[in-house]
Amino acid sequence: MERRKFLGFGIFAAAAAFVPASLIAEDYRKTKPDAWTAHTVEDAIAKLYGTSKTIEQGVTLTAPDVAANGGAVPVDFQSDIAAKSVAVFQNANPESAVCVFTLNENSVIDYSIKMKMKQSGTITIVVEGRDGKLYSAKKAINVALGGCEG
Amino acid sequence: MEIKAKLKDGIVSVKAMAKHPMLTYDVAKKQGVEANFITHINATVNNKVVLDMSTSQFLSKNPIFKFSFKGAAVGDTITMTWVDLLGNTETSDSVIK
């Protein structure tokens, strides 16, 4: 093999080996599989964080009181808490967990997602602070048209 | 994946949409197909992770989401990748404005 091609191949191989590690920091579906199959919000929080005790402060949750389309309910949440992760739960669907964000020093807790809700229910946002405490915000939403059929 | 990233006052805000049916287990059962939904989304800028999100079947179909982060400049490239339950992936990038 020519030297130039060989060197080029080496760089490519190094890049390919490096990428997967940087792409997935923590896959909560693999590290905490039980949290995704839990049927109640308390159970899901407990499976994810070890405790379901949360402090209801420091987190701002914005969502409509009445969602016309349960297939895409807009949910916004912000917080200034120095945090390790943020998780979203609801009690309208068969399982509770919606998504978990892993944070690092570049993260700003200012997220907006669209989620499905099969029926009316309550959305819970949990922020895992660097101090080890769990902070939360809740909001009840009336869903006019269930959205798990989408 | 469509990505719009804008820098303002030191914070980059990103709006992204992934094209995916997000088939829940219930719907998939009715249709007699295999459930499939995005399970992980991540974004990097200059090899630093700026979004790391594990997701379930309850994000909307073609999920739209917004997030913010610090520590990037105008002209940097943001690269986003999703992985679904069946192992398909899609990677897209966009330049921060």
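Look above for the structure.
This one's a predicted model, so the numbers in the text were calculated from it and none came from an experiment.

**Re the overall build of chain B**
And then number 1: The helix and strand tally for chain B stands at one helix and seven strands.
And then number 2: Reading chain B from its N terminus to its C terminus gives the helix and strand order β-β-α-β-β-β-β-β.
And then number 3: Seen through its principal axes, chain B has C-alpha atoms that stretch 50 × 20 × 15 Å.
And then number 4: Relative to its full complement of 97 residues, chain B shows a buried share of 53%.
And then number 5: Of all intrachain contacts in chain B linking residues separated by at least 6 positions in sequence, the fraction that spans at least 24 positions is 55%.
And then number 6: For chain B, the accessible surface area stands at approximately 4500 Å², while carbon and sulfur atoms represent 51% of it.
And then number 7: Averaged over its 12 positive side-chain charges, chain B has a centre that lies 9 Å from the centre of its 9 negative ones.

**Examining a positive patch on the surface**
And then number 1: A contiguous patch of positive charge on the surface is contributed by K4(B), K6(B), K15(B), K66(B) and K97(B).
And then number 2: When you line up the elements, K6(B) lands in strand β1 (residues 2–8).

**Some words on unusual backbone geometry**
Residues and elements named next belong to chain B.
And then number 1: With a phi angle near 50°, D9 is a residue other than glycine that sits in the positive phi range.
And then number 2: Residue placement: D9 occurs in the loop between β1 and β2 (11–17).
And then number 3: A relative accessible area of 75% means that D9 is categorised as exposed.
And then number 4: A positive phi angle, close to 45°, is found at N62, a residue other than glycine.

**Things to note about a nonpolar patch on the surface**
All names here are of chain B.
And then number 1: A cluster of nonpolar side chains, namely Y25, L85 and L86, defines an oily patch on the protein surface of about 280 Å² accessible area.
And then number 2: Topologically, L86 is positioned in the loop between β6 (77–84) and β7 (89–95).
And then number 3: The exposure class of L86 is partly exposed, given its relative accessible area of 44%.

**Quick word on the pattern of salt bridges**
Residue and element names in this part refer to chain A.
And then number 1: Under the defined criterion, the tally for this structure stands at five salt bridges over all chains.
And then number 2: One salt bridge in this structure joins D43 and K47, with 3.4 Å as the shortest N-O distance. Note that D43 and K47 are positioned in helix α3 (residues 41–49) at a spacing of four residues, about one turn of the helix.
And then number 3: When the shortest N-O distance is used, the salt bridge between D65 and K139 registers 2.8 Å. Placement of the pair is D65 in the loop between β1 (59–62) and β2 (66–67) and K139 in strand β8 (residues 134–143), with a sequence separation of 74 residues.
And then number 4: We classify D65 as exposed; its relative accessible area is 53%.

**Overview of the side chain of H20(B)**
Residue and element names in this part refer to chain B.
And then number 1: As for its placement among the helices and strands, H20 is situated in the loop between β2 and α1 (25–31).
And then number 2: Judged by its relative accessible area of 3%, H20 falls in the buried class.
And then number 3: Among the polar contacts listed, one links the side chain of H20 to the backbone nitrogen of M22, at a separation of 3.0 Å.
And then number 4: When sequence neighbours within four positions are dropped, the list of residues in contact with H20 reads N36, F37, I38, K61, N62, P63, W82 and D84.

**Some thoughts on the nonpolar core**
And then number 1: With 54 residues, the main nonpolar core has F101(A), I113(A), F67(B), I78(B) and M80(B) as its most contacted residues.
And then number 2: If near-sequence neighbours (up to four positions away) are discounted, M80(B) is found in contact with M1(B), I3(B), A16(B), I41(B), N42(B), A43(B), L51(B), F65(B), F67(B), E90(B), T91(B) and S92(B).
And then number 3: Core analysis: the next-biggest nonpolar cluster, separate from the first, contains 15 residues, A38(A), L48(A), Y49(A) and A87(A) among them.

**Re the sheet that holds β2(B)**
And then number 1: Spatially, six strands are ordered β1(A)-β3(A)-β6(A)-β5(B)-β2(B)-β1(B) in an open sheet, and the strand pairing comes out antiparallel. In this open sheet, the two strands that pair with only one neighbour each are β1 of chain A together with β1 of chain B. On average, each strand axis in the sheet is inclined to that of its neighbour by 15°, with strand direction left out of account.
And then number 2: Where β1(A) lies against strand β3 (residues 73–79) of chain A, four bridges are found, and the strand directions are antiparallel. The residue bridging T60(A) from the neighbouring strand is Q78(A), located in β3(A).

Quick notes on the rules
Residues numbered from 1 in each chain as written. Chains lettered and ligands numbered in written order. Predicted model: local features only at pLDDT ≥ 70, side-chain atom pairs only at ≥ 80, totals over all residues. Heavy atoms only, no water. Helix = DSSP H or I, 4+ residues; strand = E, 2+ residues; numbered from the N terminus. Buried < 20%, exposed > 50% of the residue type's maximum accessible area, 1.4 Å probe, protein only. Contact = heavy atoms within 4.5 Å. Areas by Shrake-Rupley, 256 points an atom, 1.4 Å probe, with all protein chains shown as cover. Lys, Arg positive; Asp, Glu negative; His and termini not counted. Charge placed at Lys NZ, Arg CZ, Asp CG, Glu CD. Patch = residues over 30% accessible without salt bridge, like charges linked within 9 Å, V, L, I, M, F, W, Y side chains within 5 Å. Salt bridge = Lys/Arg side-chain N within 4 Å of Asp/Glu carboxyl O. Polar contact = N/O pair within 3.5 Å; in protein donor to acceptor, adjacent residues only side chain to side chain. Core = buried A, V, L, I, M, F, W, Y, C linked by side-chain atoms within 4.5 Å. Pairing = 2+ DSSP bridges. Axes fitted to C-alpha atoms, helices over the stretch in contact; angles between N-to-C directions.

Coordinates in, geometry out; function isn't part of it.
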